[in-house]
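Understanding the architecture of this molecule
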Amino acid sequence: MTSATPGDHHGPSGLPSDADLLVVGAGPAGAAAAAHAARRGLDVVLLDAATFPRDKTCGDGLTPRAYSAMQHLGMGDFLADRPVIRGLELNGWGRRQQVAWPSSTFGPVGSAVSRWELDDAIRRFAVARGARMVEGTKAVGVQITGGRIESVTVERGGERSAIAVRNVIVADGVRSGLGKSLGREWHRDTAYGVAARSYVASDRSDAEWMGSHLELRGPDRELLPGYGWVFPLGDGTVNVGVGALATGKRPASMALRPVLEHYARMVSDEWVLTGTPARIASALLPMGGAVSGVAGANWMLIGDAAACVNPLNGEGIDYALETAELAVAMLDDEADFTAAWPELLRREYGPVFAAARRAAGLLTMPKTVPVLGRPGIRSAALMSTVVRVMGNLLTADDSDLIARAWRGAGIAASRFESRPPFS
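What counts and what doesn't
- One numbering rule holds for all chains: residues counted from 1, following each sequence as written.
- Owing to the predicted nature of the model, reporting of local features is limited to residues with pLDDT of at least 70; listing and counting of side-chain atom pairs is limited to 80 or more, with chain, interface and lining totals taken over all residues.
- With hydrogens and water stripped out, all remaining heavy atoms of the structure feed into the side-chain values.
- Helical segments are the DSSP runs of H or I of at least four residues, strand segments are the runs of E of at least two, and each set is numbered from the N terminus.
- Note on exposure labels: buried denotes an accessible area under 20% of the residue type's maximum, exposed denotes more than 50%, and partly exposed covers the range between, all computed with a 1.4 Å probe on protein chains only.
- Between N or O atoms, a polar contact is any pair within 3.5 Å; within protein, one atom must be a potential hydrogen donor and the other a potential acceptor, and residues adjacent in sequence are included only when both atoms are from side chains.
- Any two residues having at least one pair of non-hydrogen atoms within 4.5 Å are treated as being in contact.
- Throughout this description, the term salt bridge denotes a Lys or Arg side-chain nitrogen within 4 Å of a carboxyl oxygen of Asp or Glu.
- Paired strands are those between which DSSP finds at least two bridges.
- A crossover gets the label right-handed when its path from the first strand over the helix to the second runs clockwise, viewed with the strands pointing away from the viewer.
- Residues belong to a common nonpolar core when they are buried Ala, Val, Leu, Ile, Met, Phe, Trp, Tyr or Cys residues joined through side-chain atoms within 4.5 Å.
- Expected span of a helix: the number of residues minus one, times 1.5 Å.

Some points on the side chain of arginine 65
Here arginine 65 is to be found in helix α2 (residues 64-73). The class for arginine 65 is buried, based on a relative accessible area of 6%. At a separation of 2.8 Å, a polar atom in the side chain of arginine 65 contacts the main-chain carbonyl oxygen of asparagine 392. In this structure arginine 65 touches Phe106, Asp318, Tyr319, Glu322, Tyr349, Gly391, Asn392, Leu393, Leu394 and Thr395, once residues within four positions along its chain are discounted.

What follows is the structure in structure tokens.
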């Protein structure tokens, strides 16, 4: 791999004129990719349409897998004074189970940090390692020659300029505007998520357990195909949110704001809430690799842009950090990522995502939820398995019975799907 010498490569607009690697999107996936690439000595430009710090709709939870990925990135010091989360407090059908994070290679603890703070911290970490940050600038198009991106057109303040590139990593989130212009397509025939989150003052902000309510009901007590969460942030507030599953055939028809506000009232005593939901925001989530067009000759989509999100809970920070490192490891000026990148994603996540997509599809039918949930919440062993799946704690290297069974279910599900993950 060749590398330009990092420095001031600027055009007339004051924006960078060229880079070894342009990373579009400075969320956890993009910023982590920029940090890994800069560490390898590449001249990296990290570009985002927003000015940081900025908000992002999220539950703010870090599973042990995400916590471990943050440490691997080199940000263990950042986590040192953050909340320590021991596991999930699962509720439903009149029962409650406190389930510690199951044993895994990722360690026994997670955490919770607002995306306002987390994303800016990872971005600053990348800059400290040599990445050139460009804020308030949007990637609006590409120039392709011989199947390769030669330059990316960017816009700031109504003015456009081009950045010549060797490689591009696209990490611009769930909507992925640049990915769409490159042919990325989101397929909604499999399960996707809709979610809303808020912040509420709480006297239990320092709790060591994430709250999760598997029996989500609306203001009229109707059972909904989703779940509610309360994640303690350790700063006097908790993240209170609701998420629902949907498919193209069974779209989520609920109005999220009244459901969230009803849920906050429902957990008010349990979590000693001392305020009302504020900063309510919602989002759609492609999940389980349900996208196609994730790579080309010299570009790759990572993180949320590649639908690397757990279909059962909407968690994606761990996959964002992992795909960032995997993509940077694949960079080579002479390589063609068109087939290699989706093949790698399928190898790493395909069976797990396929099984979760099938399970999530079943859960979009409200009648299925109590059939599975009511007996499940009564079994500590079953709930530990649920937490292992929901916490993204199954890996391709796990060989125990549960891991083999889940992967086997995913492989079987793939045979009946018209479109496997990342294709």
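What about the pattern of salt bridges?
Tallied over the full model, the rule gives 17 salt bridges. Across the pair aspartate 55 and arginine 197 runs a salt bridge whose closest N-O atoms are separated by 2.9 Å. In this pair, aspartate 55 sits in the loop between β2 (44-47) and β3 (61-62) while arginine 197 sits in strand β12 (residues 192-201), placing the two residues 142 residues apart along the sequence. Look at arginine 197 and you get buried, because its relative accessible area is 1%. The closest approach of N and O atoms between arginine 82 and glutamate 117, which form a salt bridge, is 2.3 Å. Here glutamate 117 lies in helix α4 (residues 115-128) and arginine 82 lies in the loop between α3 (76-79) and β4 (87-92), a separation of 35 residues in the sequence.

Thoughts on the pairing of strand β1 (residues 18-24)
When you tally the buried positions in β1, you get 6 out of 7 residues, the bulk of the element. Relative to β2, β1 runs parallel, the two sharing 4 bridges. Looking across to β2, one finds that leucine 22 is bridged to valine 45. In the classification by handedness, the crossover that spans β1, the intervening helix α1 (residues 28-39) and the parallel β2 is right-handed.

Here we look at the nonpolar core
The biggest cluster of nonpolar side chains holds 101 residues, and the ones touching the most others in it are Val44, Ile302 and Trp341. Among the elements that take part in this core, α1 stands out by supplying 8 residues, more than any other. Valine 44 has contacts with Leu21, Val23, Ala34, Ala37, Ala38, Ala131 and Arg132, leaving out every residue within four places of it along the chain. By size, the runner-up hydrophobic cluster in this structure holds 16 residues, among which are Leu88, Val99, Ala195 and Leu393.

Topic: helix α7 (residues 317-330)
Over its 14 residues, α7 runs 20 Å from end to end, which matches the ideal 20 Å to within 8%, given 1.5 Å per residue. With 10 of its 14 residues buried, α7 lies for the most part within the structure. Within α7, burial applies to Ile317, Asp318, Tyr319, Ala320, Leu321, Glu322, Thr323, Ala324, Ala327 and Val328.

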